[in-house]
Amino acid sequence: MIVLAIFLGTDITTSGVVGGQICENSSMNAYDDLKTTFYSSRTKDLRWRAEQLAAIERMMSEGESDFIDALNQDLGKHALESWMTEISYVTDTAAYCRKNLRRWTKSKRISTPAVALPAKSWIQPEPLGVVLVIGAWNYPLQLTMSGVASAIAAGNCVVIKPSELAPAMSALLAKCVPEYLDDGSIRVVEGAVEATTELLEQPFDHILYTGGGTVGRIVMSAAAKNLTPVTLELGGKSPCIVLPDANLEVTARRIVWGKYTNAGQTCIAPDYVLTDVDTEAKLLPLIQKSITEMFGDDPQQSDSYGRIVNDRHFDRISSFIDSGHAVIGGQTDSSERYIAPTVLTDVPLDSPVMQEEIFGPVLPIVRANDLDGAIHFIRERDKPLSAYVFTKSEEAESRFLDEVSCGNACVNDTMMFMAVHELPFGGVGGSGMGFYSGEHGFKTFSHMKAVMKRGWWPDLAVRYAPYTDKKFAFLRKIR
């Protein structure tokens, strides 16, 4: 628990809260209650699932102003950014799941080999049971409730653990979820490390955790004690290759949007740019132009530019600025937890900004003479959650997609793959494991049960002992 507290930066004396009320052993009570509910088969009913997903849509619509206020309190987000990246995303996810429920839950017939006839075989999706969703603070609504929607679509009971580092959103979810959703099947457990530790001791049927790799390892270790499967959405240093043939004006604008949305506190934001010296010289003024167009001459005065979530992260990100030469930005204000949109050049590869996931509005530019050098640079490091390339060359695009292993890739833009529910979202290697988007999320929270039903007749004796050469020869022919 102490170790977890250090990495989460929280107070380990914080109590757990269920449904907005402090109680004893809240984590255990939530799990036990929901296990009982699950065995009643309430959540397996398709009508129940559709009703809960519709209720999430209604909660987003009717509570929109409250969610916008909470996101502004926690992260300084503008209303449009909150709606675009959080509220509408959750709404669309719930609606997409609801509309596809019947198709996803249908059994799928599978061909049966001759040796097993007479029989029919099929795959029958079934819910896992009680799922734990541990939300993240950087998108405290989107990264919590989108996973919840997928788990509900699959027919599970859900325990929701919002991030205590986004306290306004955590409190709002604790208030709204029991008002809109079935409190006998879906619970909110608030709190810090003590509550999370208690939850991780319970034998959940699946855990979805979104956050950093260090805590992800702690979650996975705790889950292993109960053989609980996990989906880990982590992060890492997402590279962004800019080749000389790219449309640099559009490239700069899309990098600036991807990097500085939510003040850079996005797991799929470009972490650093790889480009050659000539392209860098052309790109830098265009990045400055895009920053000015989006956030004005003084981004600190812009209501479109967010703030760092807390003092600890502010200090950590601010320290990165000394890793290189701040050719753009570099200003900070601890009283507001403001860090200007910053671009660094001449960055040593062993500097802190190139060793850690930045998760803030600091963008290093690293020299790579060509595509070969850029790919080699990426492949020497942990596999990223996302990777980006800007180019007009289909050959370069193909090489990038074939040779760079990452959770998600985007050509000539950043982050926009998140708008496609049919695409799986997840990491690979150190950036995570598993998916929870769209049908992929439904499958994550389901067990695809293999079923065979055999006829009574004929009941051929060829498979029964005593075994003979004649039986052996016959089976060889029909296999």
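Conventions we followed
- Residues numbered from 1 in each chain as written.
- Predicted model: local features only at pLDDT ≥ 70, side-chain atom pairs only at ≥ 80, totals over all residues.
- Heavy atoms only, no water.
- 1 Å grid on protein atoms, 1.4 Å probe; cavity = no way out; pocket = protein on both sides within 12 Å on 5 of 7 lines; lining within 4 Å.
- Points joined across faces, edges and corners; volume = space filled by probe spheres on them.
- Helix = DSSP H or I, 4+ residues; strand = E, 2+ residues; numbered from the N terminus.
- Nonpolar A, V, L, I, M, F, W, Y, C, P; charged D, E, K, R; others polar.
- Axes fitted to C-alpha atoms, helices over the stretch in contact; angles between N-to-C directions.
- Parallel < 35°, antiparallel > 145°, perpendicular 65-115°, else oblique.
- Contact = heavy atoms within 4.5 Å.
- Buried < 20%, exposed > 50% of the residue type's maximum accessible area, 1.4 Å probe, protein only.
- Pairing = 2+ DSSP bridges.
- Right-handed = clockwise from strand over helix to strand, strands pointing away.

A.B. asks: Break down the layout of surface pockets for me, citing the residues and quoting the values.
C.D. replies: By volume, the largest pocket is sized at about 1200 Å³. In terms of lining, the largest pocket is formed by 45 residues, of which the most central are G211, G212, G213, T214 and E357. Breaking the lining of the largest pocket down by element, the ones donating at least two residues are α1 (2-8), β8 (206-210), α9 (213-224), α12 (311-320) and α13 (352-355). No other element matches the five residues that α9 contributes to the lining of the largest pocket. The residue makeup of the lining of the largest pocket, split by class, is 19 nonpolar, 15 polar and eleven charged. Its volume calculated, the second largest pocket comes out at about 400 Å³. Along its surface, the second largest pocket is lined by 17 residues, and M84, T85, Y89, M415 and M418 are the ones closest to its centre. Here the lining of the second largest pocket takes four residues from helix α5 (residues 79-105), the largest share from any one element. A per-class count over the lining of the second largest pocket returns twelve nonpolar, four polar and one charged.

A.B. asks: Before we move on, can you summarise the packing of helix α4 (residues 64-75) against helix α7 (residues 167-180) with the specific residues and values?
C.D. replies: The geometry of α4 relative to α7 is characterised by a closest axis approach of 7 Å and an angle of 155° between their N-to-C directions. Viewed along their axes, α4 and α7 adopt a mutual orientation that is roughly antiparallel. Packed against α4, whose contacting residues are D66, F67, A70, L71, Q73 and D74, the element α7 presents P167, A168, M169, L172, L173 and C176 at the interface. Across the contact of α4 with α7, the residue classes break down as nine nonpolar, one polar and two charged.

A.B. asks: Can you lay out the pairing of strand β18 (residues 408-411) for me, pointing to particular residues and giving the numbers?
C.D. replies: Burial along β18 is one-sided: the residues N408 and C410 are buried and none of A409 and V411 is. As defined by bridge partners, strand β17 (residues 386-390) adjoins β18 across four bridges and the pair is classed as parallel. Bridged to Y388 within β18 is C410. Each parallel crossover has a hand, and the one from β17 via helix α15 (residues 394-403) to β18 is right-handed.

Any functional reading would require information that these geometric values do not contain.
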